[in-house]
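Close look at the chain arrangement
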Amino acid sequence: MGRIQRLRTLFYTKQLSMRDYYTALLARIQSAPGNAFISFFDDEVATAIDYLSQQDPNRFTGFGIPLGIKDNMCLANQPVTCASKLLAGYRSPYTATAVQYMIDQGFVPVGRLNMDEFAMGSANEYSVYGPVDNPWNPDAVSGGSSGGSAAAVAAGLVPAALGSDTGGSIRQPAAFCGVVGLKPTYGRVSRYGLVAFASSLDQIGPFAQYVDDVAIMLDTLCGFDPQDATSVKRPDECFSDGFEWASLHGIRVGVPNELMTSGQADVNAAIRRTLSQMESHGAIIDYVDFKYFDEALATYYIIAPAEASSNLSRFDGVRYGYRDTSATTLKDMMAATRSTGFGDEVKRRIILGTYVLSSGYYDAFYGKAQRVRGIVTKRYADLFKQYDIICSPTAPTTAFKKGEHTNDPLAMYLSDIATIPVNLAGLPAISLPCGRDSAGMPVGMQLVAPWFQEKLLLNTAYCVEQLVGFTPLVSDDVVLGQ
Ligand code: GLN
């Protein structure tokens, strides 16, 4: 049983006082090293506990469960900065649908979590608040862009956190920090109230230590939202119900050769070891050439910056947050605000995106990228005629050292080679820990399922989790206040 179910039961049965638990929890997370949290919702937490203590616990899936929120999701009247100077001082006028769904089910947002500026990055080093430590080794990066979310769960500060994934930002930090992270099918979870990076790729998803925690969170997060034009109407499904232990039997797993031959040797070894355990429990493992990883990476770095350049044009010093007051004309003020408000990586993306969309280059870059996106999507559709699940390392390496890739954007971009094609195709995917490398750092395994097959995805992940028996960095008892 995961942490959410156990904590919920402790509250239900009054074995644990919610008030005492939160007093201790807030003290612990406010003094925790690592820079995962950037602010706390003390007053809101107090109000939520008062409210919940008068309710029937049975009505709430997440009765009293502390939730960390990535700093790109709106919570009414709270700051939301996307870890950027540009949004300094800005407060959300409303609450994101996904966050609201969690609150409605009794989850209690406790604070905002660090991230790469505007979710652009793979190490959480591009944050105005500074980098997040990897809880397994503070000299290593947490991964990104949802580094705060992954690190907060791994360090046992919260049993549940929300992140967003545009090219791997849930799965890669989950892998680096030894926790579980799920990116739902595009359209499954509302993006309303998520500050947009690349709208055709962005998706909110859950982080937790165990697969069944993530399943409970997905139950709560998904649902049609008329406020998001890409939200999809689906029949009700329960993802957390009845994981079947025997269900690896006959599951056809395709493993892309390209991701098993490049990358860190002990990462690949951990994946192979897990694959053979899966095989001995009935899975049918087959190696296959995916063929388009390099093309997918290049395509993402045209499409995502193109959409970002458009989405981020609204941050002009007039309507949101920070304004550079050194200029004397409106135009100069906007230029100065954007020059001094955005960090280097964000500016790199805006320049790249503006270029690929500019007249004369649009067809050569953006048009072509859209066609390649279609080819990548079709490749997955073809693979899913043969396989139920595509499996690989989540990232080619374990968490690298801070500063190692900061001045080499291409090296940083390559860390998402396995995750990015999944976003281009809009598929659901999960990363779960499957061992550790020779330095003791966690290795993540990525499982990808066909569109809207989260049930199959979670069920398979649950079986793999049982086979691996990964030991979390922080014991459940610490997280449960026991
Ligand atoms: N690391 C990738 C990037 O920098 C993906 C980021 C994300 O998923 N938000 O764009």
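To be clear, the structure that these remarks concern was listed above.
What this report covers is the structure whose coordinates are included nearby.

Calculation criteria
- Residues numbered from 1 in each chain as written.
- Predicted model: local features only at pLDDT ≥ 70, side-chain atom pairs only at ≥ 80, totals over all residues.
- Heavy atoms only, no water.
- Helix = DSSP H or I, 4+ residues; strand = E, 2+ residues; numbered from the N terminus.
- Rg over C-alpha atoms; globule rule 2.2 N^0.38 Å.
- Buried < 20%, exposed > 50% of the residue type's maximum accessible area, 1.4 Å probe, protein only.
- Contact = heavy atoms within 4.5 Å.
- Pairing = 2+ DSSP bridges.
- Axes fitted to C-alpha atoms, helices over the stretch in contact; angles between N-to-C directions.
- Phe/Tyr/Trp six-rings, centres within 6.5 Å; stacked < 30°, edge-to-face > 60°.
- Lys NZ or Arg CZ within 6 Å of the ring centre and 35° of its normal.
- Near = heavy atom within 4 Å.
- Polar contact = N/O pair within 3.5 Å; in protein donor to acceptor, adjacent residues only side chain to side chain.
- Areas by Shrake-Rupley, 256 points an atom, 1.4 Å probe, with all protein chains shown as cover.
- Nonpolar A, V, L, I, M, F, W, Y, C, P; charged D, E, K, R; others polar.
- Expected span 1.5 Å × (residues − 1).
- Salt bridge = Lys/Arg side-chain N within 4 Å of Asp/Glu carboxyl O.
- Core = buried A, V, L, I, M, F, W, Y, C linked by side-chain atoms within 4.5 Å.
- Parallel < 35°, antiparallel > 145°, perpendicular 65-115°, else oblique.
- Left-handed = near helix turned anticlockwise from the far one by under 90°.

1. Side note on the overall build of the protein
Counting its regular elements, the protein contains 17 helices and 13 strands. On C-alpha atoms alone, the protein measures out to a radius of gyration of 21 Å, which is about the 23 Å that the 2.2 N^0.38 rule sets for 482 residues. Principal axes of the C-alpha set define a box for the protein whose edges measure 65 × 55 × 45 Å. Here the protein, with 482 residues, has 61% of them falling under the buried criterion. If you take every contact in the protein between residues at least 6 apart in sequence, the share linking residues at least 24 apart comes to 76%.

2. Quick notes on the sheet that holds strand β9 (residues 252-256)
Pairing is mixed across the open sheet formed by 11 strands, whose spatial order is β1-β3-β2-β6-β8-β7-β12-β13-β11-β9-β10. What marks the edges here is a single partner per strand, and that holds for β1 (37-40) and β10 (284-288). If you compare each strand with its neighbour and ignore which way they point, the axes differ by 30 degrees on average. When strand β2 (residues 66-70) meets strand β6 (residues 160-165), the two strands line up parallel, connected through three bridges. The partner of G68 across the bridge, within β6, is A161.

3. Brief notes about the packing of aromatic side chains
For the structure on display, the rule yields 24 aromatic pairs. Members of the aromatic cluster, connected to one another through ring pairs, are Y90, F118, F315, Y320 and F342. K233 extends its terminal NZ or CZ atom over the ring of F224, reaching a point 4.4 Å from the ring centre. Geometry around F452 places R234 over its ring, the cationic atom sitting 4.2 Å from the centre.

4. Some details on the site of the ligand
Surrounding the ligand, one finds 15 residues, the nearest of these being T166, G167, S169, Y300 and D416. Backbone polar atom of T166 to an oxygen atom of the ligand: 2.7 Å apart, as the coordinates give it. Between the ligand and Y300 there is a distance of 2.6 Å, counted from an oxygen atom to a side-chain nitrogen or oxygen. Taking 290 Å² as the accessible area of the ligand by itself, protein coverage stands at 100%. A breakdown of the residues in the shell around the ligand according to their chemical character gives five nonpolar, seven polar and three charged.

5. Some thoughts on the environment of M1
Here M1 is to be found in the segment before α1 (3-12). For the pair M1 and S142, spaced 141 residues apart in the sequence, the C-alpha separation amounts to 26 Å. Apart from residues lying up to four places away in sequence, M1 is in contact with R6 and D212.

6. Here's the deal with helix α10 (residues 293-311)
Between its first and last C-alpha atoms α10 spans 26 Å; for 19 residues at 1.5 Å apiece the expected length is 27 Å, and the two agree. With 15 of 19 residues buried, α10 lies mostly within the body of the structure.

7. Concerning the pattern of salt bridges
Evaluation of the coordinates by the stated rule reveals 16 salt bridges. Measuring nitrogen to oxygen at the nearest pair gives 3.3 Å for the salt bridge that ties R6 to D477. In this pair, R6 sits in helix α1 while D477 sits in helix α17 (residues 476-479), placing the two residues 471 residues apart along the sequence. Assessed through its relative accessible area of 29%, R6 is described here as partly exposed. The exposure class assigned to D477 is partly exposed, which follows from its relative accessible area of 38%.

8. Focus: the side chain of R191
Its place among the elements puts R191 in the loop between β7 (180-183) and β8 (203-208). Residue R191 is classed as buried on the basis of its relative accessible area, which comes to 15%. Polar contacts involving the side chain of R191 include one to the side chain of Y186, which spans 3.4 Å. When sequence neighbours within four positions are dropped, the list of residues in contact with R191 reads Y186, S199, D202, Q203, D228 and T230.

9. Considerations on the nonpolar core
With 157 residues, the main nonpolar core has Y22, F118, M278, M445 and L447 as its most contacted residues. No other element matches the 10 residues that α10 contributes to this core. Those residues within four positions of L447 in sequence are excluded, and the remaining contacts are I389, I390, C391, P428, A429, I430, L432, L457, T460, A461 and V464.

10. Describing the packing of helix α4 (residues 97-104) against helix α7 (residues 211-221)
A pair of packed helices can be characterised by two numbers: the angle between their axes and the separation between those axes. Running from amino to carboxyl end, α4 crosses α7 at an angle of 110 degrees, the nearest separation of the two axes being 8 Å. For the element pair α4 / α7, the angle class is roughly perpendicular. Seen along the crossing, α4 lies across α7 with a hand that is right-handed. Touching A98, Y101 and M102 of α4 are M217, T220 and L221, all from α7. In the contact of α4 with α7, the residues fall into five nonpolar, one polar and no charged.

11. A closer look at unusual backbone geometry
Put simply, G144 and S145 share a cis peptide bond, and its omega is 10 degrees. Assignment of secondary structure puts S145 in the loop between β5 (137-141) and α5 (147-154). The backbone of K14 sits at a positive phi, close to 60 degrees, despite the residue not being glycine. Tracing the sequence through the fold places K14 in the loop between α1 and α2 (18-30). Judged by its relative accessible area of 70%, K14 falls in the exposed class. In this model, N124 sits at a positive phi of 60 degrees, which is unusual for a non-glycine residue. Relative to the assigned elements, N124 resides in the loop between β3 (108-113) and β4 (133-134). Accessibility expressed as a relative area gives 0% for N124, which makes it buried.

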